[in-house]
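# A closer look at the structure
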Amino acid sequence: MKNQVRALNQHGYKDALLASSVKIEGDKICARTVNHVHDPSHVESNLQEVCFSPAKKSEEIVPIATKDSTCVKCKTMTVTPDSVHLRHDAIQSMHLLQCTDFFVTFLVSTRDGVTQVFEMKWGQEPTMLWEQEEGLADASSAIFLDKGAAVEIEKGKFANEEEDFLKSLTFTSRMSSQWTSISSFFMGGFVERVMDLFMTDDNDINHIGSSKSDIFGLNKVAVILSSNFHKVIGLDTSLKGSIIWKINLNPLAVWHKVIHGTATSRSSALGQGKHHPHSPEILILSYTEDQVEWKCVDGLRGDVIAQSTSDLTSAIVQIVPIYGHGHAHAGCKQSAALILSNGTVVFVPGAQNVENNLFTHVISKDTGIFRSMKVHVNADGNGSADVVGETVFNPKMERIVNVAYPQRNEVIQSPFTILGDDSLVLRYLNPHLCVIITEATVEYMEEVEMNSNEVFEALNSLDSDRSKTKKKPVGVTVSSEESSKLPKQASTIPTLFVNIVDTVSGQVLHRTSHSHASLGAVSSVPSHVPVVISENWIVYAFANQKSRRTEIGVLTLHEGMIDKHGITAFSTPEQQLTFSSFASQKPIVLAKTYAVNYPVSAIGVTNTKAGISSKNVLLATGVDGKIVNIDRRLLDPRRPFGEPKTNEKKEGLLQYAPLLPLSPLSVQSYSNHVESASILISTAANLESQTLIMALGGPDIFFTRLAPSSGFDSLPDSFNKLAIVIVMIGLYMVLRTLKKMSEKKFVTLFWS
């Protein structure tokens, strides 16, 4: 093959060959070539087949069809789909890679997105060399499942969670649990666990839950949905991303969704409700025009527990995840409420364990209407939704470009922040928050430019009044004639809006704006603005067309402040013990904007088991191919503009600097190039110091383990366990020897 390519290169076709196109036809060597064109979209029309005879040094150019071939020919042998035991309609194309006197190598591309390479020897069956799932390069969404949950399922601990939890609170249950633990310890349970840590192979998939990584919660199953390829794939992170199961979905469906957990993060606040991330059951929805297909799947093994279809009277406008604790419908604990456009609600698989006063919301990007709704369950098992509140984002003035929700299953360790002077800042922890990013439309910006909107005139006049009050040297100010010739500054015209909305009441809690584009630079294509919500933090990134850089906006929400002497043994501040989206006050918002010298395609945040470790912000740099880990303290909006005071230094606050430096130590992808990642997810391990992250959405998938606050509760992998065992045995022998020497000395002393 190398000789064939070298021969073609010698004939003037260097750097224009398609690597998988070289083949032999009789006494000729042929290859597909691409003419050098500037427009990549016209490459297909410039394909040609170049054939020449090495002996005659002659060439002939034969145009070939651009349609994919369903068979390959090598000398006197023809390879068809029947040779690889595949249907003709299942194969999209077949390409010849290598043809020799002894074997042929060819590539098969199937219609469901699988690429396979076979090697076929003369007179034998083909052997598959490797297989690649192309759906992994087009991920729509992904979730993590804990492999340790498989052991709990086998022991029956997920059968009736609520009943088991209530029983565990009784005195007899606690005494029984302690006696079981003690007896297990003395009967060899401790020795067995130690042997598992040292002897069990982490890569043994048949012993889920018994390996060291499973005990520490480091092994996960990543469930990835590829809507364009109509399939759901399960990856085992302990096997370097090997595919352990795959489910093909309805190719005629309009969209697919993977449902897991609950709708809000309320159950995980302050360490409560940790059973949700451990539940392995997922619900897969496939929507067609008049019905929805659902599959209840064991996400660890890919087994379908139950499946069916539900008829719909109108289109689905919202999906509310619901987790069933007890005797779930059709054996599936994961369910969902489907809000239809006509105001009705359909529950799949059923309406068991659904609260009658369930709040949800509906967002229409076309009309810009945000409606908060209250769901009522009817006697027939269906439901209805009543409108509670409504907010309108005028689609003629601004368009919705992104919607973000709080991190579900995120454990919040503390509801306040301790300042340097020992006072407390209370965090605004509303589980029903929603961030809606809107952008000014092209039509509205043109109207502003043509009609000189009064709002912007007032802003300009305010800025001019402020400039008049400041004394400047002669020659610095601009004359009125020169100022009229200058273009309008984009800094006075907001074009990007960040809206914090309560999904229960439907009211806008806070709204901030940025001038990220000039009047002539606003595009009809919506901007890409990734957003993440963690605890009381909101972090988003956008491209500032004026400054030609990427800016990161940070918002922190607070309820108030308690003085260091406000809480004593004799006095406590008056605080509301209950929270209501209709009656509680709006949050106090602190904001800062930072700049980075690289694009940002996705934003994530680290999660740990108890929320004690530091929260770090993860950034995917898109085409730059890096995964950057930023300490959240660098993004703190409380960073002072001047020299930090003593109390601020105690908190670790640094002086504000608009540009965030990129340290090579903060690049978690190391030398790997993670191309165009659009999704960043993270999950907690059983070790508080460890968090697991995955970047996907582009052609690459990257998975790694991080320690935001260093590995304070675990030994490093390079720790010499054998040396510590030898030292302990040596110390034991020394102590035994010294004890005997001491006893002998005392005996000799007494006899003397």
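Owing to the predicted nature of the structure, the values given are computational and were not obtained by experimental measurement.

### Side note on the state of the cysteines
- Scanning the model with the defined rule gives one disulfide in all.
- Disulfide partner of Cys 296: Cys 332, at an S-S distance of 1.9 Å. Given an S-S torsion of about 85°, the disulfide between Cys 296 and Cys 332 has right-handed geometry. Taken together, the residues Cys 296 in strand E17 (residues 291-298) and Cys 332 in the loop between strand E19 (316-323) and strand E20 (334-340) connect sequence positions 36 residues apart.
- On the basis of relative accessibility, which here comes to 0%, the residue Cys 296 falls in the buried class.
- Under the relative-accessibility criterion, Cys 332 is labelled buried at 2%.

### A word on the pairing of strand E9 (residues 114-121)
- In terms of burial, E9 is a largely internal element, six of the eight residues being buried.
- Connecting strand E8 (residues 103-110) to the antiparallel partner E9 that follows it, the hairpin turn spans three residues, and Gly 113 within it adopts a positive phi of roughly 85°.
- Pairing of E9 with strand E10 (residues 127-133) involves six bridges; the strand directions are antiparallel. Bridging from a neighbouring strand, Gln 116 pairs with Glu 131 of E10.
- Connecting the antiparallel pair E9 and E10 is a turn made up of five residues, with Gly 123 showing a positive phi of about 80°.

### Focus on the confidence of the model for the protein
- When pLDDT is averaged along the protein, the result is 78; 74% of the residues meet or exceed 70.
- Below a pLDDT of 50 lies the segment residues 1-24, which in the model reaches 54 contacts outside its immediate sequence neighbourhood of four places, other chains included.

### Quick word on the packing of aromatic side chains
- Going through the model one piece at a time under the given rule, you end up with nine aromatic pairs.
- Pairing Tyr 594 with Tyr 656 gives two aromatic rings, centres 5.3 Å apart and planes at 50°, and the pair type is tilted. Linking Tyr 594 in strand E34 (residues 588-596) with Tyr 656 in the loop between helix H9 (646-651) and strand E38 (679-684), this pair joins segments that are 62 residues apart in sequence.
- An aromatic cluster of at least three residues, connected via ring pairs, comprises Tyr 594, Phe 641 and Tyr 656.

### Examining the environment of Arg 549
- Here Arg 549 shows up in strand E33 (residues 549-562).
- Since its relative accessible area comes to 39%, Arg 549 is described here as partly exposed.
- Residues Arg 549 and Tyr 598 lie 49 residues apart in sequence; the distance between their C-alpha atoms is 7.4 Å.
- For Arg 549, the contacting residues outside a window of four places in its chain are Phe 542, Ala 543, Asn 544, Ala 595 and Val 596.

### Let's talk about the sheet that holds strand E22 (residues 358-364)
- The strand order E19-E20-E21-E24-E23-E22 describes an open sheet built from six strands, whose pairing is antiparallel. Single-partner strands in this sheet number two, and they are E19 and E22. Shown here is a sheet whose adjacent strand axes are inclined to one another by a mean of 30°, direction ignored.
- Two elements, strand E23 (residues 369-377) and strand E24 (residues 383-392), share nine bridges in a ladder whose sense is antiparallel. Paired with Phe 370 across the two strands is Thr 391, which belongs to E24.

### Regarding the sheet that holds strand E14 (residues 242-248)
- As summarised here, the arrangement of the four strands in space is E11-E12-E13-E14, forming an open sheet in which the pairing is antiparallel. If you trace the sheet from one side to the other, it starts and ends with strand E11 (141-146) and E14, each paired once. Across the sheet, the mean angle separating the axes of adjacent strands is 20° when strand polarity is ignored.
- Looking at chain direction, E11 and strand E12 (residues 220-226) are connected through six bridges and run antiparallel. By the bridge assignment, Leu 145 is partnered in E12 with Val 221.

How each quantity is defined
Residues numbered from 1 in each chain as written. Predicted model: local features only at pLDDT ≥ 70, side-chain atom pairs only at ≥ 80, totals over all residues. Heavy atoms only, no water. Disulfide = S-S within 2.5 Å. Helix = DSSP H or I, 4+ residues; strand = E, 2+ residues; numbered from the N terminus. Buried < 20%, exposed > 50% of the residue type's maximum accessible area, 1.4 Å probe, protein only. Pairing = 2+ DSSP bridges. pLDDT = per-residue confidence, 0-100. Contact = heavy atoms within 4.5 Å. Phe/Tyr/Trp six-rings, centres within 6.5 Å; stacked < 30°, edge-to-face > 60°. Axes fitted to C-alpha atoms, helices over the stretch in contact; angles between N-to-C directions.

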